[in-house]
Amino acid sequence: MPPPGGTLLVVGDVVTDIVARHRGPLSSGTDTAASVRTLPGGAGANVACWAAHWGCAEVLLLGRVGEDAAAWHERELKASGVRPRLVVDPVAPTGTVICLVDTDAAAERTFLTDSGACLRLDPGDWSDTLLDGVARLHLSGYLLFSEPSRALVAAALDSARARGVPVSLDPASAGFLKELGLDRFLALIEGIDVLLPSRDEACLITGLPDASDAAAELSRHVPLVVAKQGADGALVARSGAVCARVPAVPATPSDTTGAGDAFTGAFLAALLAGAGPEEAAGEGCRAGALAVRRVGGRPPGRPQLAS
């Protein structure tokens, strides 16, 4: 196993987020007043940025973007302390997500997703040399939702297994998971050591209505499951049982976009620094609380060590 610390390689999506914050229900057939911002996003990119912000020594990101926004995304990633390895797609545009955030509710969001170049990552974009010096590989679950990027996941897992590099994965989207089912999902992620689902994702994958039962069931298939529960904190499960319940950090939400990505990034940074799963989940909850106070999915300012 790699020593504590070291480089984190994230493979995943880089997208442009259009965040529209409105108050109350949308008015069908007419205008709804909203505050609209264009921000860098993508689950994989957000995780990488939060890991760097939370003190990870070095973070690399492999993703695919269109020519339309490649330079902007590269600048934004570098400004967050991430070393981008962006493949520029000659045909497809950068993925775009419209995030509708209802400020009258608990800042919950609805996504309209055009994956664009994101899901065109393929095995040709992978190289075993990407793992040189890498202590942990993290995969965005969005990669499971197209044939080319599923093939890349398989190649990356084979490479990581051959080198003894541990691998984590965040399922990413309850909506897209409906098409996979438990058996296919578990077959695609065989070999990972940490799974980081949301409550909805854990329940959907397993078909179990209770989050604790779902996390416990998933931990029969994956060595460590950390189920994100939003305002209820997180569950840590191993060997078919929940072994820790980590409380959330209280926060008044402005926008929940990227809160799960913040949790994952901080969790991985803490894990690489030598923390145990429960302590790392506590760092994830701290990052999630910080994220929901902000608009968009990225951390504030320049990267800094967590206090």
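Shown above is the structure to which this text applies.
Cut-offs and rules
Going along each chain's sequence as written, the residues are numbered from 1 onward. Residue-level local features of this predicted model are given only where pLDDT is at least 70; pairs of side-chain atoms are given and counted only at 80 or more, and the full residue set underlies all totals for whole chains, interfaces and linings. Think of the side-chain values as coming from all heavy atoms in the structure, minus any hydrogens and water. Axis definition: a line fit to C-alpha positions, over the contact stretch in the case of helices; interaxial angles, taken between N-to-C directions, run 0 to 180 degrees. In this text, helices come from DSSP runs of H or I with a minimum length of four residues, and strands from runs of E with a minimum of two, each type numbered from the N-terminal end. What makes a crossing left-handed is the near helix being turned counterclockwise from the far one by less than a right angle; a clockwise turn instead makes it right-handed. Residue contacts follow a heavy-atom distance rule, with two residues in contact if any of their heavy atoms lie within 4.5 Å. Three classes are used: nonpolar for Ala, Val, Leu, Ile, Met, Phe, Trp, Tyr, Cys and Pro, charged for Asp, Glu, Lys and Arg, and polar for all others, with Gly counted as polar. Pairing of aromatic rings covers Phe, Tyr and Trp, the last through its six-membered ring, and needs centres within 6.5 Å; plane angles under 30 degrees mean stacked, over 60 mean edge-to-face, and all others mean tilted. Only protein chains enter the accessibility calculation, which uses a 1.4 Å probe; a residue is then buried when its area is under 20% of its type maximum, exposed when over 50%, and partly exposed in between. Here, a disulfide means two cysteine sulfur atoms that sit within 2.5 Å of each other. Strands qualify as paired when DSSP identifies two bridges or more between them. Looking down the strands as they point away from the viewer, one classifies a crossover as right-handed if the path from the first strand across the helix to the second runs clockwise. Site definitions follow a grid-based scheme: protein atoms alone, a 1 Å grid, a 1.4 Å probe that fits but cannot get out for cavities, and for pockets an open set with protein on both sides within 12 Å along at least five of seven lines, plus lining residues having an atom within 4 Å of a point. Grid points are joined across faces, edges and corners, and a volume is the space filled by probe spheres set on the points. An arc is given here, and it is the one of the directions from the helix axis to the C-beta atoms.

Asker: What is the right way to look at the packing of helix α6 (residues 199-206) against helix α7 (residues 211-218) in this model?
Answerer: A packed helix pair is summarised by two numbers, namely the angle formed by the two axes and the spacing between the axes. Running from N to C, α6 and α7 cross one another at 65 degrees; their axes reach a closest spacing of 9 Å. In this structure, the crossing between α6 and α7 has a hand that is left-handed. The segment α6 lies against α7, with Arg-199, Ala-202, Cys-203, Ile-205 and Thr-206 engaging Ala-211, Ala-214, Glu-217 and Leu-218. Taken together, the residues of the contact of α6 with α7 break down into six nonpolar, one polar and two charged.

Asker: It is not clear to me how unusual backbone geometry should be interpreted in this structure. Could you clarify?
Answerer: Working note: non-glycine residues mostly have negative phi, and peptide bonds are mostly trans. Even without being a glycine, Ser-239 presents a positive backbone phi close to 50 degrees. Positionally, Ser-239 belongs in the loop between β12 (234-238) and β13 (241-246).

Asker: Looking at this model, I keep getting lost on the packing of aromatic side chains. Mind explaining?
Answerer: Aromatic rings considered in pairs are described by the distance between their centres and by the relative angle of their planes. Here the structure, examined in full by the defined rule, presents three aromatic pairs. A ring pair is formed by Tyr-142 and Phe-145, whose centres lie 6.1 Å apart and whose planes are at 80 degrees; its orientation type is edge-to-face. Each member of the pair, Tyr-142 as well as Phe-145, carries the same accessibility label: buried.

Asker: Please clarify how the state of the cysteines should be interpreted in this entry.
Answerer: By definition, a disulfide links the sulfur atoms of two cysteine residues through a covalent bond. Counting across every chain of the model gives zero disulfides. A disulfide-free cysteine, Cys-243 has its sulfur positioned 14 Å from the sulfur of Cys-285, the nearest such atom.

Asker: I'm lost on the environment of Gly-6 in this one. Help?
Answerer: Considering the arrangement of structural elements, one finds Gly-6 in the segment before β1 (7-11). Accessibility expressed as a relative area gives 32% for Gly-6, which makes it partly exposed. For the pair Gly-6 and Gly-133, spaced 127 residues apart in the sequence, the C-alpha separation amounts to 7.3 Å. Apart from residues no more than four positions distant in its own chain, Gly-6 is found in contact with Cys-56, Ala-57, Glu-58, Ala-135 and Leu-272.

Asker: I tried to follow the sheet that holds strand β2 (residues 15-22) on my own but got confused; where do I start?
Answerer: For sheets, the rule is that strands pair by backbone hydrogen bonds, running either parallel or antiparallel. Spatially, four strands are ordered β3-β2-β6-β7 in an open sheet, and the strand pairing comes out mixed. Each having just a single partner strand, β3 (34-41) and β7 (109-114) make up the two edges of the open sheet. The mean inter-strand angle of the sheet, taken between neighbouring strand axes irrespective of direction, is 20 degrees. Pairing between β2 and β3: eight bridges, direction antiparallel. When the sheet's bridge partners are listed, Arg-21 is paired in β3 with Ser-35. Seen against the sheet, helix α2 (residues 70-79) touches β2 and β3 and runs at an angle of roughly 80 degrees to β3.

Asker: Please clarify how the pairing of strand β5 (residues 82-89) should be interpreted in this entry.
Answerer: Two faces make up the sheet, and in a regular strand the side chains alternate between them. Here eight bridges tie strand β4 (residues 58-66) to β5, and the two strands are oriented parallel to one another. Looking across to β5, one finds that Gly-63 is bridged to Leu-86. Handedness of the β4-α2-β5 crossover: right-handed.

Asker: Is there a simple way to think about empty space enclosed by the protein in this case?
Answerer: The probe, sized like a water molecule, is rolled over the atoms to show the empty space still left. Taken as a whole and judged by the stated rule, the model has one cavity of 30 Å³ or more. Of the pockets and cavities examined, the largest cavity occupies roughly 30 Å³. Among the elements of the structure, α1 (43-53) and β8 (134-140) are those that each provide at least two residues to the lining of the largest cavity. Classifying every residue of the lining of the largest cavity gives three nonpolar, three polar and two charged.

Asker: In this structure, what is going on with α2? I would like to understand it.
Answerer: Since the α-helix packs 3.6 residues into each turn, any two residues three or four apart lie on the same face. Taken together, the buried positions of α2 are occupied by Ala-70, His-73 and Leu-77. Buried residues of α2, viewed axially, fall in a sector of 70 degrees; they line one side. Residues of α2 that are exposed and point over 90 degrees away from its buried face: Arg-75 and Lys-78. Along its buried surface, α2 packs onto β2, β3, α1, β4 and β5. Gly-81 occupies a position one or two residues after α2 and carries a positive phi of about 90 degrees.

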